[in-house]
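Structural description and commentary
Residue-level listing of the chains:
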Amino acid sequence: MPSDSPLVLNIIEDFLTEEEKKDIDETIREYFAYKLGLVEKEEKRHKKRFLIMTVGLVLASLLLWLSEGLDEVPRELFFVLFWFMGDTLCDYILLTGHDLRRDRRAAGQLASIKVEFSKSFDESDYSKREIEDLYSEIEKNIKETLE
């Protein structure tokens, strides 16, 4: 989905009452708002992790600087801590952060979806065969759901 395009969900309202249309609209909006909340919660968790790793990297660097006079073996533990913190931090900056921002944009776009109801289906964009395939697929999905 292009991020600069709004999403519109068009539902054919042949047999829907006003209350059913309202329920459908609310359900779709609430579902995507919930998904956006999950993405934001995950992003918040990763930001907290980023902060902890940044502080840990600074502390590990300080420990390495202060432990210059120690033997190699105890100092090696500080190196392991330093590289662990640095690796996790770089992973967030280069990989995870980008994925989280992309997921937030997509979830935000879905959360702002516009639900419209049409009186009829406009067949001008589809061939008769494509319309028959569409309806048969819908019927198949309904039967699978009810079973």
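Residues numbered from 1 in each chain as written. Predicted model: local features only at pLDDT ≥ 70, side-chain atom pairs only at ≥ 80, totals over all residues. Heavy atoms only, no water.

1. Brief notes about the environment of I11
What counts is decided by this rule: Helix and strand definitions here come from DSSP, where helices need a minimum of 4 consecutive H or I residues and strands a minimum of 2 consecutive E residues; each element is numbered from the N-terminal end. Whether two residues are in contact is decided by their heavy atoms, any of which lying within 4.5 Å being enough.
Within the element layout of this structure, I11 appears in strand β1 (residues 8-12). It is 6.2 Å that separates the C-alpha atoms of I11 and E116, two residues lying 105 residues apart in sequence. For I11, the contacting residues outside a window of four places in its chain are L16, I24, I28, V115, E116, F117 and S118.

2. Digging into the side chain of H46
Tracing the sequence through the fold places H46 in helix α1 (residues 18-66). Contacts of H46, omitting those with residues within four sequence positions, involve Y92, T96 and L100.

3. Digging into the pattern of salt bridges
The line we're drawing: The rule for a salt bridge is simple: a side-chain nitrogen of Lys or Arg has to be within 4 Å of a carboxyl oxygen of Asp or Glu. For every residue, the accessible area (1.4 Å probe, protein chains only) is compared with the maximum for its type, and the residue is labelled buried under 20%, exposed over 50%, or partly exposed between those bounds.
Across all of its chains, the model carries nine salt bridges by this definition. Between E42 and R45 there is a salt bridge whose closest N-O contact spans 2.7 Å. One end of the pair, E42, and the other, R45, are both in helix α1, three residues apart, so they sit about a helical turn from each other. Looking at R45, the relative accessible area reads 46%, which means it is partly exposed. One salt bridge in this structure joins R102 and D99, with 3.2 Å as the shortest N-O distance. You can see R102 and its partner D99 sitting in helix α2 (residues 72-111), three residues apart, about one turn around the helix. Classification of R102 by relative accessible area gives partly exposed; the value is 41%. Three or more residues are tied together by salt bridges with common partners; here these are E13, E18 and K21.

4. Points about the confidence of the model for the protein
What counts, and what does not: A residue's pLDDT is simply how confident the predictor is in it, with values from 0 to 100.
In the predicted model, the protein carries a mean pLDDT of 82, and 86% of its residues have values of at least 70. Summarising per-element confidence for the protein, the mean pLDDT is lowest in helix α3 (residues 128-146) (69) and highest in α1 (90).

5. What to know about the packing of aromatic side chains
Counted only if it meets this: Pairing of aromatic rings covers Phe, Tyr and Trp, the last through its six-membered ring, and needs centres within 6.5 Å; plane angles under 30 degrees mean stacked, over 60 mean edge-to-face, and all others mean tilted. Placement of a charge over a ring requires the Lys NZ or Arg CZ to be within 6 Å of the ring centre, with the centre-to-atom vector within 35 degrees of the ring normal.
In the structure shown here, the tally under the stated rule is three aromatic pairs. Arranged with centres 5.1 Å apart and planes meeting at 40°, the rings of F50 and Y92 form a pair that is tilted. Residue F50 is found in helix α1, and its partner Y92 is found in helix α2; the two are separated by 42 residues along the sequence. Judged by centre distance (5.3 Å) and plane angle (80°), the rings of F82 and W83 are edge-to-face. When its relative accessible area of 56% is taken as the criterion, W83 is described as exposed. Taking NZ or CZ as reference, K21 lies 5.9 Å from the ring centre of F117, over its face.

6. Here we look at the side chain of E13
Rules: By the criterion applied in these results, polar contacts are pairs of N or O atoms within 3.5 Å in which, for protein atoms, one can donate a hydrogen and the other can accept it, and in which residues neighboring in sequence qualify only through two side-chain atoms.
Along the chain, the position of E13 falls in the loop between β1 and α1. Overall, E13 belongs to the buried group, its relative accessible area being 11%. At 3.2 Å, the side chain of E13 forms a polar contact with the side chain of K21. If we ignore the near neighbours within four places in the chain, the residues touching E13 are K21, F117, S118 and K119.

7. Examining the environment of L57
With respect to the element layout, L57 can be found in helix α1. Its relative accessible area of 19% is what places L57 among the buried residues. Placed 25 residues apart in sequence, L57 and F82 show a C-alpha to C-alpha distance of 5.7 Å. When sequence neighbours within four positions are dropped, the list of residues in contact with L57 reads F82, M85, G86 and L89.

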